[in-house]
Amino acid sequence: MSTQVARLQENLRHLRLSKIYDLLESSLEEAAKNSLSYSDFLDRLLAQEVASKKEKNIAMRTCLAKFPFIKTLESFGFDFQPSIDKKRLKELATCRFIGNGENVIFLGPPGVGKTHLAVALGIKAVTEGYRTYFIQAMPLIASLTRAYAENRVEERLKFYCQPKLLIIDVIGYIPIDRQGAHLFFQLISRRYERGAMILTSNRSFSQWNEIFGDPVIASAILDRILHHSTTINIRGNSYRLKEKVKAGLIREPGTEQT
Ligand code: ADP
Ligand code: MG
């Protein structure tokens, strides 16, 4: 290795240009062999460094987002769920709603793809450079309640307000107590018109009174969530059941033998 290449490598390490560092020797050889112009040579190397840095940032944000699984819009079978308007999903996939601090709510029975779509939009968000965080409603409320008891609620609220996109999954499986509802309301108020959210629920909005146990707090929460929002109501069948029917584990609903 020439002393010049060694010096180049040292400088690349110093500048944290790791992709160029890795590619330097082969790129120098290739440039000499193909008589690349100075600008072509530099252009190719820098493009590879930028692509590598982007990829690393996406991987880092994906890791921090704590998605329960990785599912994409591309792997979602829209044909199976005709009640979903594909065009609306495509518009949401542009992530404009995040820039505008708006909310998206997926409603529908279990297994229709609410979490899948929430994660898929979360992955688009991460790819666009938005800091994203995924959490289920119950652990979210439990963590706020714990923080309240430990006099650290402010710190916890700040934590949940940092991501540009907060995904709160499965609201409504278990009723929320009065204190939990108040803490949840505080979080929603803080993020209102500032940070986008995606929420999923198996209960219609009219049933949210029961979830939060108090119609006043439920309507205050809904009021803020729905002010700038898109609601996607999924009315189809469960995909989980479809898979089981296909595997012959169960019969299709409504085809019971007499
Ligand atoms: P929900 O949150 O509505 O209960 P999920 O999003 O968890 O449902 O979906 C259940 C499973 O079925 C997941 O593995 C998801 O990827 C898959 N799934 C649901 N709907 C579809 C669909 N239309 N196309 C492909 N996979 C789907
Ligand atoms: Mg779900």
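Before reading on, note that the structure itself is shown above.
Conventions used here
- Residues numbered from 1 in each chain as written.
- Chains lettered and ligands numbered in written order.
- Predicted model: local features only at pLDDT ≥ 70, side-chain atom pairs only at ≥ 80, totals over all residues.
- Heavy atoms only, no water.
- Pairing = 2+ DSSP bridges.
- Helix = DSSP H or I, 4+ residues; strand = E, 2+ residues; numbered from the N terminus.
- Axes fitted to C-alpha atoms, helices over the stretch in contact; angles between N-to-C directions.
- Buried < 20%, exposed > 50% of the residue type's maximum accessible area, 1.4 Å probe, protein only.
- Arc of directions from axis to C-beta.
- Contact = heavy atoms within 4.5 Å.
- Polar contact = N/O pair within 3.5 Å; in protein donor to acceptor, adjacent residues only side chain to side chain.
- Parallel < 35°, antiparallel > 145°, perpendicular 65-115°, else oblique.
- Left-handed = near helix turned anticlockwise from the far one by under 90°.

As for the sheet that holds strand β5 (residues 229-233)
In step 1: The strand order across the open sheet formed by five strands is β2-β3-β4-β1-β5, and the pairing between neighbours is parallel. Where the open sheet ends on each side, the last strands, each with one partner, are β2 (132-136) and β5. Ignoring strand direction, the axes of neighbouring strands in this sheet form an average angle of 15 degrees.
In step 2: Across five bridges, the pairing between strand β1 (residues 103-107) and strand β4 (residues 196-201) is parallel. The residue of β4 that forms the bridge with Asn103 is Met197.

Notes on helix α4 (residues 86-93)
Each turn of an α-helix holds 3.6 residues, which means side chains three or four residues apart point in the same direction.
In step 1: Within α4 the residues assigned to the buried category are Leu89, Leu92 and Ala93. Seen along its axis, α4 keeps its buried residues to an arc of 100 degrees; they face one direction. Along α4, the residues that are exposed and aim more than 90 degrees away from the buried face are Lys87 and Lys90.
In step 2: In this structure, the buried residues of α4 make contact with α5 (96-99), β1, α6 (114-127) and β5.
In step 3: One side-chain oxygen at the N-terminal end of α4 lies 3.1 Å from the backbone nitrogen of Lys87; it belongs to Asp85.
In step 4: Cys95 sits one or two residues past α4 and shows a positive phi near 70 degrees.

A closer look at unusual backbone geometry
In step 1: Unlike most non-glycine residues, Lys66 shows phi in positive territory, near 60 degrees.
In step 2: Along the chain, Lys66 falls in the loop between α3 (38-65) and α4.
In step 3: Positive phi is not limited to glycine here, since Asn151 has a value of about 65 degrees.
In step 4: Within the secondary structure, Asn151 sits in the loop between α7 (137-149) and α8 (153-161).
In step 5: The exposure class of Asn151 is exposed, given its relative accessible area of 75%.

Things to note about the packing of helix α2 (residues 18-33) against α3
In step 1: Packing of α2 against α3 leaves a shortest axis separation of 10 Å and a crossing angle of 155 degrees. Relative to α3, α2 is oriented roughly antiparallel. The hand of the α2/α3 crossing is right-handed. Of the residues in α3, those in contact with Ser18, Lys19, Ile20, Leu23, Ser27, Leu28, Glu30 and Ala31 of α2 are Phe41, Arg44, Leu45, Leu46, Gln48, Glu49, Ser52 and Lys56.

A word on the environment of Ile58
In step 1: Take Ile58: it is sitting in helix α3.
In step 2: For the pair formed by Ile58 and Asp40, sequence separation is 18 residues and the distance between their alpha carbons is 27 Å.
In step 3: Beyond its immediate chain neighbours, meaning those up to four positions away, Ile58 contacts Val126 and Thr127.

Remarks on the side chain of Asn103
In step 1: If you trace the backbone, Asn103 turns up in strand β1.
In step 2: Sequence-distant contacts of Asn103, defined by excluding residues within four places in its chain, comprise Gly195, Ala196, Met197, Arg224, Ile225, His228, Ser229 and Thr230.

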